[in-house]
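Here is what each chain is made of, one letter per residue.
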Amino acid sequence: MKKKDLIYYIIFLLVFAVILPLGHVAGLVSTNTISLWGRYFCFAIAALGIDLIWGYTGILSMCQAFFFCLGSYGIAMHMLLKTTAANGATVPDFMVWNKIETLPLAWIPFQSSGLTLVLCLVVPALFAFLIGYVLFRSRIKGVYMAIITQALALAMWLLFLRNETKLGGTNGLTDFKTLLGFRLADTGTKMALYGLSLAVLCGAYFLCNRMVHSKFGKVLLAIRDSESRISYAAYNVNDYKLAVFVVAALLAAVAGMLYVPQTGIITPGRMDVKASVEMVMWVALGGRGNLKGAVIGALLVNYLYSICTSLFPDSWLYILGFFFVITVLFFDKGLVGVVDMAWQKWTAYKLRRAAIS
Amino acid sequence: MLLSVKDLAVSFGGVHALALSQFSLRDKELRVIIGPNGAGKSTFLDILCGKTKADKGQVFFNDTLITGKTEVQIARLGIGRKFQKPSVFPGLSVYDNLLLAARMKKDIFSSLFFKATRELNDRLHQVAEKVGLVPQLQKLAGSLSHGQQQWLEIAIVVLQDPKLMLVDEPAAGLSTEETEKTGALLLELSNDHSIIVIEHDMQFVQQIAKERVTVLVSGRLLMEDTFSVVRNDQRVIDCYLGRTNPQLEII
Amino acid sequence: MKTVRITGLFIFCLLFQRPLLRAQTDSTGIYLRYILDGSDSLCGVGISRLVALRPTEAFPLLRAINDMRLYRLNGQPVTPQSDEPTAIDSGKVLLLSLLPPYQLVNDDHGHPATTGSSGLTEVKISRGNRLLLTPVLPLLNLFSTTPQKRILAYSQLQQNQQIDQLPYLQAALAQETDAEALRTGKDIYYSLQLQHAQHAATARAYIDSIVMNWSDNAATMLRTYAHNGTLGKDLNAYTAQQAVALETRYDRLQKIQNFFSGLSLGSILILIALGLSIVYGLAGIINMAHGEFLMIGAYTTYVVQCIFGNIFHSHSDWAFFISLPVSFVVAGLLGLLLERLVIRHLYSKPLESLLATWGVSLILIQAARSIFGDLTAVKTPTVLSGGWQILPHLVLPYNRIFIITLTTGVVALTYGMLYRTRLGMQIRAVTQNRQMSACLGIETRRVAAVTFFIGSGLAGIAGCAMTLIGNVVPDMGQTYIVDSFLVVVTGGVGKLAGTIVAGLGIGFLTKLFESFFQAVYGKVFILLFIMLFMQYKPKGLFPDKGRLAED
């Protein structure tokens, strides 16, 4: 097991920490491609959170995209305010069009970069805590949990679409120029963000890995397998669920924070009902209950997406839908499960060959 | 008295599932509860462990009122429950199943930074040996046989060091041999714990009922006596075992 | 006092019927001949004379000139009934006379004349002559053939506030046929009169007329008058009191209207949630593609209508009513197909089925988009367009009434099916205990398949009904699916009564919150409400009780 993990890690780091950056330096890989993969890393970070809550704990949360967007909007607000200040205006352009003259109260803290970082983490965590507290307390689980979180995502999406929320409505927030003084258009900034995303992904993976291999992780699995049994063994299930829900939300928020500077736009479209289900599907396709699976799923699906939409734009939904169905029906453990099975078959075959000869 | 129950009642949709005026249990006693289907036996255990909320009445455990407390609080007070259907964690190894059950601090942070001590390992091994699962320690619990899962669940309950163990039909679906082994295990455990066992298998009841047996019928207490008295009581034969119960005739 | 008022009203009514002066009519006829037959300059003279004299009966004619829609048939001025240029070219539009105004014209054979009739010639009027109409342009629209334009023209009169335009308004009102336009027109007429009333009694009569007529801005108008009126304190107080009374009445009607909207929204939710709830209860399947069966039902309706239109060349209402059962069958069969291909592997695995069916829904949406494009609409059958006007401000749209009736019928049928038939008994048995039912010789797979057919079919019917109130778009199912899941969750899974109560409840609450807050916030509040409700009843409105239910 350990040896195989190591192979995965080496391949991953070789491709993304060595080959891609070197390729860029050599002029073989465009800045765009680098930036694209940087964004995929963000998705992979969010996928880790989903794997924790769904793959390990068995709670299907369908509002992870909302947490993702909370992080995104926080950073986006900060960057927009900086850009506005640089232009000498008091409020961002979209507010001028909506006839808002003074900066809304909720925007004021985002003028400071330190406070922004704190709020981008605290706000999603607080949301997750409140939602989780209410839902877990009334023992809502399984399908009910999925449906209610989905309805929540829907409601929040509708809320963000409104101009009254003062978050740019349907158009979202865009036109950022700098982050912490670095120009976003610079190749150097893009490379740095790519590196940062990769580093955060590796760090998050490491922490999640530690978490799921500790006794904490075993309790999570136990909650997934038999919630009543583990509570009769005197574990306070709600605390654990709440903790992992908050952690998942935080991972999504961090992912969102890294995502925005790399795309340069955030709209409510990122948090609609579809977005959350798609995030869950990354994990399902990659292999749930397996952190490697979550990362691989997120990277692969998004890579496929960018290929398919440019090659045959109309068929992407067919392909995605088909993968959804096939994975759920036949590949319970996702891609990683398939690879594992093939590996086992192959070693068994080798052993038999060795035994014969 | 370790456990005493007063005027306990619960009903589901107008049907009285349980109306128990009085019930008590000594420390280190092994009590068997029998009764026909729907007599309220499992419901009684459900109330004791906090799964079902009683409509009225009080349950005192070690002189503490436990009605109204949550499962976790009750479990911490020292009541362990083994379910009718074996409920173990199929996705975890037998060792992990036991580890999770073992008595220790169970909050999030202790779990995150938990390191297994030698003492704990010894204890896990000891219990595993008692239920005969040492060779299977590294196997996934889901791959065990039905009987092994029953024992694993008993081991899980034992590891919580409960003062009182609630055991629901431990012999259901076991072979004769496994049943006998389970009975011996329960008898051995009764040296250290108080135990309430629900059972249908009369041979098994005969094996373990060294003390008193309680008979429930339609949620009410019919009688409480030694097994030999109970099985010859005409009321029990009439309303529970039926006039021509082959099992009883064998005995 | 009362008699005075009524007399005032009576006199006033007579004003409308005032016969027009004969001499004027004669001169109008002369100028008409100038326009139809004369040279360009003579035509100019005719128009300018008519503009100066402003005989009300000539306004339709002047309007036709201005709109360049003046034709001649057998020497008489006529104009097409419809405004649409394409319709005119088709030759099937009926012709209306202009003098006397707006009456059907017969051709030589005694049939109603159309734009296709022989002998019809267009009368061309030069631009210069048309410009002569400028002074009367605002008045011309009073005699338009479309009610909307007339309403607009009436409102414009009010802004001008000129008493000398009253006769034209009167004349226009005398031949007004549309109820709404009549109400607007009368309202403006009364208010103009009120503004220029010299005596408190007259003013009071007009105020009463305004109250009786009860147009949209009656209350505001009265309030303004109560504030600015110069005919004494008593009258102002009286006006204010009437305004308040009107507003209270209006509020009450709004409440009824809201209640009705809630009922209709609830009906739609029930229609969708019914199938979901039965299927989930029976098979433990969360069907995310359920909304897409709604979409399939809607497109089936569209296709049926196209078939009727293109193959049978019929635009009758039957197309819609036939598509109701057709939608049920088509959606049901596709549901059966889905059950065979995907769902049967996922029984009692709600979360897995949720994800797999989401994939299916993506495929179905994209398929619909590829086949039908992005936006199509189904024509509402004429029987169901319009509404039932109970009071001036209380209109219950027929399509909503139809949806409510349909839902009631469908619920009754489903109820009968579940509780009165053998199949229903089997469905209930499998819902309660799958293994036990199988042991008793019920073919659970077959029952599940049939249930899935019925559930999807119900969604299809819902889709068919939805075409009455909205466009048909590929992702129309997504709009309602989350709401209907909330209905299922709130009502308790597999509970018919729960679904109905929850559906209506959520429908009402949505409309209630929407009347207090904006629509979006209403949704947020609904969700908060449901979350609070789940704290109190986590298993829905009608939970199962007992030991078995708790796992």
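Residues numbered from 1 in each chain as written. Chains lettered and ligands numbered in written order. Predicted model: local features only at pLDDT ≥ 70, side-chain atom pairs only at ≥ 80, totals over all residues.

Quick word on the overall build of chain A
Defined as follows: By definition, any uninterrupted DSSP run of H or I lasting at least four residues is a helix, any uninterrupted run of E lasting at least two residues is a strand, and each is numbered from the N terminus. Atoms counted for the radius of gyration: C-alpha only. Globule rule: 2.2 Å times residue count to the power 0.38. Burial is judged by counting other C-beta atoms within 10 Å of a residue's own C-beta: 20 or more means buried, 12 or fewer means exposed, and anything between counts as partly exposed, with every C-beta placed from the backbone. Our contact criterion uses C-beta atoms placed from the backbone: two residues qualify when those atoms are within 7 Å.
Counting its regular elements, chain A contains 14 helices and 4 strands. A compact globule built from 357 residues would reach a C-alpha radius of gyration of about 21 Å, and chain A, at 22 Å, matches this within 12%. With respect to the principal axes defined by its C-alpha atoms, chain A has extents near 80 × 55 × 40 Å. Relative to its 357 residues, chain A shows a buried fraction of 50%. When contacts within chain A are restricted to residue pairs at least 6 apart in sequence, long-range pairs at least 24 apart make up 79% of them.

Describing the overall build of chain B
The secondary structure content of chain B amounts to 11 helices and 10 strands. For 251 residues, the compact-globule estimate of 2.2 N^0.38 gives 18 Å, and chain B sits close to it at 19 Å. Projecting the C-alpha coordinates of chain B onto the three principal axes gives extents of approximately 55 × 40 × 30 Å. Scored against the burial criterion, the 251 residues of chain B give a buried share of 44%. For chain B, contacts bridging at least 24 residues in sequence account for 65% of all contacts bridging at least 6.

Quick word on the pairing of strand E1 (residues 3-12) of chain B
Residues and elements named next belong to chain B. To be explicit about the condition: Two strands make a pair as long as DSSP finds a minimum of two bridges between them.
Strand direction decides the pairing type here: E1 and strand E2 (residues 15-25), joined by 9 bridges, are antiparallel. By the bridge assignment for E2, Phe 12 is matched with Val 15. Between the antiparallel neighbours E1 and E2 lie 2 residues, among them Gly 13 with a positive phi of about 55 degrees. Sheet topology note: the E1/strand E4 (residues 56-61) ladder contains 5 bridges and is antiparallel.

A word on unusual backbone geometry
For residues that are not glycine, phi is negative in most cases, and the peptide bond is trans in most cases. Residue and element names in this part refer to chain B. For Asp 63, which is not glycine, the phi dihedral falls at a positive 65 degrees. Positionally, Asp 63 belongs in the loop between E4 and strand E5 (64-65). Asp 63 gets classed as exposed once you count the C-beta atoms within 10 Å, which come to 8. A positive phi angle is found at Glu 169, which is not glycine, with a value near 45 degrees. Secondary-structure assignment places Glu 169 in the loop between strand E7 (164-168) and helix H7 (176-189).

Structural notes on the interface of chain A and chain C
Quick reminder of the rule: Throughout this entry, Asp, Glu, Lys and Arg are counted as charged residues, while Ala, Val, Leu, Ile, Met, Phe, Trp, Tyr, Cys and Pro are counted as nonpolar. The remaining residues, Gly among them, count as polar.
Taken together, the contact between chain A and chain C spans 35 residues of the former and 29 residues of the latter. Taken together, the elements giving at least two residues each to the side of chain A that touches chain C come down to helix H5 (113-137), helix H6 (142-161), helix H11 (273-286) and helix H13 (316-330) of chain A. The dominant element in the side of chain A that touches chain C, judged by the number of residues it contributes, is H6(A), at 13 residues. Taken together, the residues of the side of chain A that touches chain C break down into 27 nonpolar, 4 polar and 4 charged.

Thoughts on the packing of helix H3 (residues 94-101) of chain B against helix H5 (residues 118-130) of chain B
All names here are of chain B. Stated precisely, the cut-off is as follows: All axes are obtained by fitting lines to C-alpha atoms, using only the stretch in contact for helices, and the reported angles, taken between N-to-C directions, cover 0 to 180 degrees. Reported orientations rely on four angle classes, namely roughly parallel under 35 degrees, roughly antiparallel over 145, roughly perpendicular from 65 to 115, and oblique for the rest. The handedness criterion is simple: a crossing whose near helix is rotated anticlockwise from the far helix by less than a right angle is left-handed, and one whose near helix is rotated clockwise is right-handed.
The geometry of H3 relative to H5 is characterised by a closest axis approach of 10 Å and an angle of 115 degrees between their N-to-C directions. If you check the angle between H3 and H5, you find them roughly perpendicular. Crossing handedness for the pair H3 and H5: right-handed. Seen from H3, the contacting residues are Tyr 95, Leu 98 and Leu 99; seen from H5, they are Leu 124, Val 127 and Ala 128. Considered class by class, the residues forming the contact of H3 with H5 number 6 nonpolar, no polar and no charged.

Here we look at the sheet that holds strand E1 (residues 71-73) of chain C
As a general point, the strands of a sheet are linked pairwise by backbone hydrogen bonds and lie either parallel or antiparallel. Residue and element names in this part refer to chain C. Strand order across the open sheet formed by 4 strands is E3-E2-E1-E4, with antiparallel pairing between neighbours. One side of each edge strand has no neighbouring strand; the edge strands of this open sheet are strand E3 (95-97) and strand E4 (120-122). Strand after strand, the sheet turns through a mean of 40 degrees between neighbouring axes, direction not considered.

Brief notes about helix H12 (residues 218-228) of chain C
Since the α-helix packs 3.6 residues into each turn, any two residues three or four apart lie on the same face. Residue and element names in this part refer to chain C. Selection rule: In this description, the arc belongs to the directions extending from the helix axis to the C-beta atoms.
Along H12, the residues that are buried comprise Ala 218, Ala 219, Met 221, Leu 222 and Tyr 225. All buried residues of H12 project into a common sector of 160 degrees when viewed along the axis, lining one side. Of the exposed residues in H12, the ones pointing more than 90 degrees away from its buried face are Thr 220, His 227 and Asn 228. Residues of H12 that are buried make contact with helix H10 (179-195), helix H11 (200-213) and helix H13 (233-283).

Observations regarding H13(C)
All names here are of chain C. Formally: Helices are assigned an expected span. That span is 1.5 Å times one less than the residue count. Bend is the name given here to the angle between axes fitted to two runs of seven residues, the run ending at a residue and the run starting at it.
Taking 1.5 Å of rise per residue, the 51 residues of H13 would be expected to cover 75 Å, and the 73 Å separating its terminal C-alpha atoms lies within 8% of that figure. A bend of about 30 degrees at Ala 273 is the largest found in H13. Where H13 ends, the next residue or the one after it, Gly 284, has phi of about 65 degrees, a positive value.

Some remarks on the environment of Gln58(B)
Residue and element names in this part refer to chain B. Its place among the elements puts Gln 58 in strand E4. By C-beta crowding, Gln 58 is classed as partly exposed, having 14 other C-beta atoms within 10 Å. As for Gln 58 and Gln 22, which are separated by 36 residues in sequence, their C-alpha atoms are 10.0 Å apart.

A few points about the pairing of E7(B)
Residue and element names in this part refer to chain B. What counts is decided by this rule: A clockwise course of the path from the first strand over the helix to the second, judged with the strands pointing away from the viewer, identifies a crossover as right-handed.
Burial analysis of E7 places 5 of its 5 residues in the buried class, which makes it a mostly covered element. Here strand E6 (residues 79-82) runs beside E7; their pairing, made up of 4 bridges, is parallel. Within E7, the residue paired with Arg 81 across the bridge is Leu 166. Note that E7 and strand E8 (residues 194-198) share 5 bridges and pair parallel. Among the inter-strand pairings, Asp 168 is bridged to a residue of E8, identified as Ile 198. As a crossover connection, the stretch from E7 through H7 into E8 is right-handed.

Some thoughts on the sheet that holds strand E9 (residues 212-217) of chain B
Residue and element names in this part refer to chain B. Spatially, the 6 strands line up as an open sheet ordered E6-E7-E8-E3-E9-E10, and their pairing is mixed. Of all the strands in the sheet, the pair left with one neighbour each is E6 and strand E10 (220-226). Taken pair by pair, the neighbouring strands of this sheet meet at an average axis angle of 20 degrees, ignoring direction. Judged from the 4 bridges that link them, strand E3 (residues 30-34) and E8 form a sheet pairing that is parallel. For Leu 30, the partnering residue across the bridge sits in E8 and is Ile 195. Sitting on the sheet, helix H1 (residues 41-48) is in contact with E3, E6, E7, E8 and E9, with an inclination near 145 degrees to E7. Packing of H7 onto the sheet brings it into contact with E3, E7 and E8, and relative to E8 it is tilted by some 150 degrees.

Remarks on the environment of Gly293(A)
Residues and elements named next belong to chain A. Positionally, Gly 293 belongs in helix H12 (residues 291-311). Owing to 26 C-beta atoms within 10 Å, Gly 293 belongs among the buried residues under this scheme. In the structure, Gly 293 is positioned 44 residues away from Gly 337 in sequence and 8.3 Å away in space, judged by C-alpha atoms. Look past the residues within four positions of Gly 293 in its chain and what remains in contact with it is Val 283, Gly 286, Gly 287, Arg 288, Gly 334, Leu 335 and Val 336.

With respect to the confidence of the model for chain B
Residue and element names in this part refer to chain B. We count it as follows: The predictor attaches a confidence to each residue, called pLDDT, with possible values from 0 through 100.
Summary statistics for chain B give a mean pLDDT of 81 and a share of 95% for residues scoring 70 or more. Confidence, expressed as mean pLDDT per element, reaches its minimum in chain B at helix H11 (residues 246-250) with 50 and its maximum at E8 with 88. Per the prediction output, this complex has pTM 0.78; the corresponding ipTM is 0.85.

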